[in-house]
Amino acid sequence: IVPVTGLCPQAGPYGVQDSLRRGFSSVKNELLPSHPLELSEKNFQLNQDKMNFNTLRNIQGLHAPLKLQMEYRAARQIQRLPFLPSSNLALDTLRGSDDTIGFEDILNDPVQSEMMGDPHIMTEYKLGVL
Amino acid sequence: RRIMATVSVCKYYPGGFSFDNCKRNALLEADISKLGFSSPAARKTGTTICGVVYKDGVVLGADTRATEGMIVADKNCSKIHYISPNIYCCGAGTAADTEMTTQIISSNLELHSLSTGRLPRVATANRMLKQMLFRYQGYIGAALVLGGVDCNGPHLYSIYPHGSTDKLPYVTMGSGSLAAMAVFEDRYRPNMEEEEAKRLVRDAIAAGIFNDLGSGSNIDLCVITKGKVDYLRPHDVANKKGVRTGSYRYKHGTTGVLTKTVTPLNLEVVEESVQTMDTS
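Residues numbered from 1 in each chain as written. Chains lettered and ligands numbered in written order. Predicted model: local features only at pLDDT ≥ 70, side-chain atom pairs only at ≥ 80, totals over all residues. Heavy atoms only, no water.

> Hey, could you run me through the state of the cysteines in this one?
All names here are of chain B. All chains considered together, the criterion is met by zero disulfides over all chains. Here Cys222 stays unpaired: no disulfide links it, and the sulfur of Cys90, its closest cysteine neighbor, is 7.5 Å away. Residue classification places Cys222 among the buried residues on the basis of a relative accessible area of 0%. (Disulfide = S-S within 2.5 Å. Buried < 20%, exposed > 50% of the residue type's maximum accessible area, 1.4 Å probe, protein only.)

Structural data, given as structure tokens:
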């Protein structure tokens, strides 16, 4: 049981505690994970990448993960407009997850989420104008 | 200001399992027994599934009862799931978990075999399943018997919910696994003929059906050989519903008629319109 900050912040859309949707807040609720798998699932992709890069470094030397990470960084920058979800096709191809299906494609697909940010505010935030 | 409202949505949420309701569920779980209710039970398959390797291939068997707590939810559910044309998988445990897991692995195997251009191997399916089940640390309650024939011959694996697997010539899983394993341990021989293997699996599942409350109804068999799959559903209807011997309908005239009054309802046609159906 690992206390981690910011696991389930009670703040709703307007920065105040959202009792209607998340119930009464307590410090324990926000520090401890609600399910043993929550932390491992949140960091799963990061941990997989770290493990793969480490193996690659041990086999082929430092240049291999460096070059790959540069490509990942470039691919991550290809996005749509700030308030639209991106399909991340280039990133998927690099990772090799473009021909696999997992729970992240079936459950809670971000393309089908019911909430969207206000386009004007999102673009202003992205451009730093706010 | 409005700014705080949307900044939190600027983050990218990758999808997949969401743990938002876990705390609420834990609270409900603690309080619900005080109110006199009980939380809904997941539909389990409470099963007997088994598989055996014989001379030319693999025979998989399963019963067909799905339970929800103490109630039979489905009297004839299909527990042998398709993974690929030469690989089938029986599932015990939580019904939704086995169903979704086998469908995901089936899709991934199809994509993989399109990418390699070859018929998929049972070892690939086994590795995909065990890596996924281990990732979720046993919270996905799927105990599977995976069998198939590929370029290296017939293979049979048993996969446990926490992600461990065993490669054996005969396996059983589910609540009736002990009854079925007793039959296997008594009568299994290596390199059996097809009829003998089918009879052995049928008897093992029947032992599970008649001696375990969680298994029942019919016996399904799936015989997989190189190039041919026989999905026998149902192979054996061990529990047929009985036929009523007497009729409980009363004959006309049993009840005597004392009085009869007829009241006509006067309805007049106000408006008549014809709407043609679009059958094109």
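> Teacher, can you tell me more about the UniProt feature "active site" (unreviewed entry) in chain B here?
Residue and element names in this part refer to chain B. Within this structure's numbering, the places UniProt gives as "active site" (unreviewed entry) are Thr47. In this fold, Thr47 is placed in the loop between helix H2 (22-35) and strand E1 (49-53). Residue Thr47 is classed as buried on the basis of its relative accessible area of 1%. If we ignore the near neighbours within four places in the chain, the residues touching Thr47 are Asp63, Lys79, Gly91, Ala92, Met173, Gly174, Ser175, Gly176, Asp212, Gly214 and Ser215. (UniProt positions renumbered as here; feature names shortened; annotations may be inferred. Helix = DSSP H or I, 4+ residues; strand = E, 2+ residues; numbered from the N terminus. Contact = heavy atoms within 4.5 Å.)

> Would you take a moment to explain the sheet that holds strand E11 (residues 219-225) of chain B for this structure?
Consider a sheet: its strands pair through backbone hydrogen bonds, and that pairing is either parallel or antiparallel. Residues and elements named next belong to chain B. The strand order E10-E1-E2-E11-E12 describes an open sheet built from five strands, whose pairing is antiparallel. With partners counted over all chains shown, the strands left at the sheet margins are strand E10 (170-173) and strand E12 (228-236), one partner each. Across the sheet, the axes of successive neighbouring strands diverge by a mean angle of 10 degrees, strand direction being ignored. Where E1 lies against E10, four bridges are found, and the strand directions are antiparallel. The residue bridging Ile49 from the neighbouring strand is Met173, located in E10. Sheet strands touched by helix H5 (residues 177-187): E1 and E10. Its angle to E10, the strand with the most contacts, is close to 160 degrees. Against the sheet, helix H6 (residues 194-211) makes contact with E1, strand E2 (57-63), E11 and E12, and its axis sits at roughly 25 degrees relative to E2, the strand it touches most. (Pairing = 2+ DSSP bridges. Axes fitted to C-alpha atoms, helices over the stretch in contact; angles between N-to-C directions.)

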